[in-house]
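Notes for the structure review
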Amino acid sequence: MVIPDYNTETMATRPSAEQARLLEQRLDRRTGALRRLSRRSAFWASTALAEFIVRLIELCVALFITIFLFVPVLLARLIIRRPTGKPVFESKTIFGHSGKPLRVLNFAGLSGWISRLPLFLELFTGRLALAGTTIREWQPVSPDAGQGYVSMVKPGIVSLWDIRKSSKIGHEGREATEWEYIFRKRPLYDFLLMLRALPVMLFAEHEVAESPVFQLLDQKIDNITMREAIGMMQESLRQKSQSVIFFVNPDCMNKSVTDQNYRKALRVADHLLPDGIGLVIAGKMLGTPLRENINGTDMLPWLCTMAVEENVSIFLVGGKPGIAEKAASALEQRYGVSIAGTAHGYFDHQSETGSHEVIETINNSKASILLVAFGAPLQERWIARHRNELHPKILMGVGGLFDFFSGNIKRAPRWIREIGLEWVYRLMQEPSRMWKRYVIGNPLFLYRVVKWKIVSRSFNR
Ligand code: UDP
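Let us look at the structure shown here. Predicted, not measured: the structure shown is a model, and the values here were computed from it. The residue numbers shown here count from 1 along each chain, following its written sequence. In keeping with the predicted nature of the model, local features appear solely for residues at pLDDT of at least 70, side-chain atom pairs appear and are counted solely at 80 or more, and the whole-chain, interface and lining totals rest on all residues. No hydrogens and no water enter the side-chain calculation; it runs on all heavy atoms of the structure.

1. Brief notes about the overall build of the protein chain
- Numbering of helices and strands runs from the N terminus, with a helix taken as a DSSP run of H or I at least four residues long and a strand as a DSSP run of E at least two residues long. When its secondary structure is counted, the protein chain shows 19 helices and 12 strands.
- Computation of the radius of gyration draws on C-alpha atoms, with the globule rule given as 2.2 Å multiplied by the number of residues to the power 0.38. Expected size for 461 residues packed as a compact globule is a radius of gyration near 23 Å; at 30 Å, the protein chain overshoots this value by more than 25%.
- Dimensions along the principal axes, computed over C-alpha positions, put the protein chain at roughly 110 × 80 × 45 Å.
- Among the 461 residues that make up the protein chain, the fraction classed as buried is 48%.
- Note on definitions: a residue-residue contact is assigned when non-hydrogen atoms from the two residues lie within 4.5 Å. Within the protein chain, counting contacts between residues at least 6 apart in sequence, those at least 24 apart form 72% of the total.
- Counting every atom, the protein chain has about 24,900 Å² of accessible surface; 60% of that belongs to carbon and sulfur.
- Two residue types count as positive, namely Lys and Arg, and two as negative, namely Asp and Glu; His and chain ends fall outside the count. To locate a charge, take atom NZ for lysine, CZ for arginine, CG for aspartate or CD for glutamate. Mean positive and mean negative side-chain charge positions of the protein chain (60 and 44 charges, respectively) differ by 6 Å. Here the term buried applies to any residue with accessible area under 20% of the maximum for its type, exposed to any over 50%, and partly exposed to those in between, with areas from a 1.4 Å probe on protein chains only. Throughout, the Shrake-Rupley method with a 1.4 Å probe supplies accessible areas, and for residues the shown protein chains are the sole cover considered.

Shown next as structure tokens:
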């Protein structure tokens, strides 16, 4: 009896190696196409869903604001203004979607966010978005009119520029910020922008102070923009005159109260620049709103660009051994700036010989800009003491700047800085070193600002 060879039969139906390869390829292509299709449809479905959720949020916010804020304010305005015959609303025309004029209402005689409450009604009509490009007043012939995509996006009650402007870190200017927003615009980004707007509203103000100086705890702080600060340094370099620049944050201001030598060193500065949200809040409390929150880390890219333009080099001194070198190569790579030399900051700052050696290295490098990163108050006292021996034209105290640029310490992401919480990020990174500075220092600073306000008011009477 012949036993049927099962294996032989199956072998005969099996494809050849070449056929199997082709089959595999075909299957791969088919599953690949299917995967791509499902990925694409999943993408469109999730985008549509996200857009739907954003629209739903807009309508909920509009409803909430209308019931709990708009209607009560409207009733109050009617009661107050009707008998006097004054109008309750004032209308203005703004750039709407596609750059077309759009008439909107504000509450007359009010300022700030409360005057903008009627704008939330436009969320129902869909002519304004909750998050979008900045609301700009319409002009028939405007340089803004042809701004392509900027006008293709719906203006929003909240915009990235509004947030940056309120937290005083809009150093790049409105137009660049609008483009950044359009580039990043996604439903999720819009949603996060709306969330970011809430804390920012707490320290938002609408009028910009004309006062060029902000007087705080016996120090005169420059109330200028980043562009102006860089312009001043450029001028110093061109005039070949020396300029000392220090940054002050709440911790520095606290130290200046208890450390007399530091207080004196700060007075040596040609420019004291306000660094951090604490100073923005202090400016608001004292009725001198700051024009910009300027700090060394944000300034460095601008400074490097200016140094390249002026064809001058920078010397970095400070930080642990190796950190200034790492920061130097990062700066050279990123901005193409010439770094004349580096030195670490752990020498004997008190002894003349220790400092003399470092000063000689700095002067021999022929650098025009010197960044000193020993932390406050050491760097300010050192610069004040050796200012006349140092040849560079710009002498700047920059704290932990090299740690950030060398990658030794990570800086808070921009959205955290925008909502004024960079200090929380730093506290979480180095809790044992920072808790005293922030947990005790911040309330102490606010207390001192209040005290300063009372004292300076009674002086001015
Ligand atoms: N540092 C230094 N020499 C010293 C003490 C500190 O170079 O004798 C450096 C330290 O390595 C750090 C910086 O100074 O890089 C201080 O950083 P911190 O964040 O405390 O400064 P801040 O920006 O808060 O003034």
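2. Here we look at the environment of Arg26
- Within the element layout of this structure, Arg26 appears in helix α2 (residues 17–81).
- You can call Arg26 partly exposed: its relative accessible area is 48%.
- For Arg26 and Leu290, which are 264 residues apart along the polypeptide, the C-alpha to C-alpha distance reads 65 Å.

3. A few points about the pairing of strand β10 (residues 338–343)
- Here strand β9 (residues 313–318) pairs with β10 via 5 bridges, running parallel. Along β10, the bridge assignment pairs Leu316 with Thr342.
- Crossovers are marked right-handed if the path from the first strand over the helix to the second runs clockwise, as seen with the strands pointing away from the viewer. Taking the sense of rotation as the criterion, the β-α-β connection linking β9, helix α13 (residues 323–335) and β10 turns out right-handed. At least two DSSP bridges between two strands are needed for those strands to be called paired.

4. Some thoughts on the site of the ligand
- The immediate surroundings of the ligand are formed by 17 residues, with Gly319, Gly345, Tyr346, Asp403 and Arg437 found nearest.
- In protein, a polar contact requires one atom able to donate a hydrogen and another able to accept it; more generally it is a pair of N or O atoms within 3.5 Å, and residues adjacent in sequence count only if both atoms are side-chain atoms. The contact in question runs from an oxygen atom of the ligand to an N or O atom on the side chain of Tyr346, over 2.8 Å.
- One of the backbone nitrogen or oxygen atoms of Gly400 is found 3.0 Å away from an oxygen atom of the ligand.
- Summarising the interface, the protein chains cover 83% of the accessible area of the ligand, which totals 550 Å² for the free molecule. Throughout, the term near means that a residue has one or more heavy atoms lying within 4 Å of the molecule or strand in question.

5. A short note on the sheet that holds strand β7 (residues 243–248)
- Taken in spatial order, the 6 strands make up an open sheet running β8-β7-β12-β11-β9-β10, and their pairing is parallel. In this open sheet, the two edge strands, each paired with only one partner strand, are β8 (271–274) and β10. Across the sheet, the mean angle from the axis of one strand to that of its neighbour is 20 degrees, orientation sign disregarded.
- Relative to strand β12 (residues 394–397), strand β11 (residues 369–373) runs parallel, the two sharing 4 bridges. The residue bridging Ile369 from the neighbouring strand is Ile394, located in β12.
- Against the sheet, helix α12 (residues 296–310) makes contact with β7, β8, β9, β11 and β12, and its axis sits at roughly 160 degrees relative to β11, the strand it touches most. The axes are straight lines fitted to the C-alpha atoms, using for helices just the contacting stretch, and the angles between their N-to-C directions are given from 0 to 180°.

6. Quick look at a nonpolar patch on the surface
- The patches reported here contain residues having more than 30% relative accessible area and no salt bridge. Joining distances are 9 Å for like charges and 5 Å for nonpolar side chains (Val, Leu, Ile, Met, Phe, Trp, Tyr). Within this document, salt bridges are pairs made up of a side-chain nitrogen of Lys or Arg and a carboxyl oxygen of Asp or Glu, the two lying within 4 Å of each other. Taken together, the side chains of Leu59, Leu63, Phe64, Ile67, Phe68, Leu69, Leu121 and Phe124 define a hydrophobic patch exposed on the protein surface, amounting to about 720 Å² of accessible area.
- The element that contributes the greatest number of residues to the nonpolar patch is α2, accounting for 6 residues.
- Tracing the chain through its elements places Leu59 in helix α2.

7. Side note on the pattern of salt bridges
- Under the counting rule described, the total for this entry stands at 21 salt bridges.
- The salt bridge involving Glu58 is made with Arg55; its shortest N-O contact spans 2.9 Å. Residue Glu58 and its partner Arg55 are both found in helix α2; the two are separated by 3 residues, about one turn of the helix.
- Its relative accessible area of 5% is what places Glu58 among the buried residues.
- What makes Arg55 partly exposed here is its relative accessible area of 28%.
- The partner of Asp298 in a salt bridge is Arg417, with the nearest N and O atoms 3.3 Å apart.

8. Regarding the pairing of strand β5 (residues 213–216)
- Burial of β5 is one-sided: the residues Phe214 and Leu216 facing one way are buried, the residues Val213 and Gln215 facing the other way are not.
- Where β5 lies against strand β6 (residues 219–222), 4 bridges are found, and the strand directions are antiparallel. Across the sheet, residue Val213 finds its bridge partner in β6, namely Asp222.
- Linking β5 back to β6 in an antiparallel pair, the connection comprises 2 residues, with Leu217 at a positive phi of about 45 degrees.

Everything listed here is a matter of geometry and, on its own, says nothing about what the molecule does.
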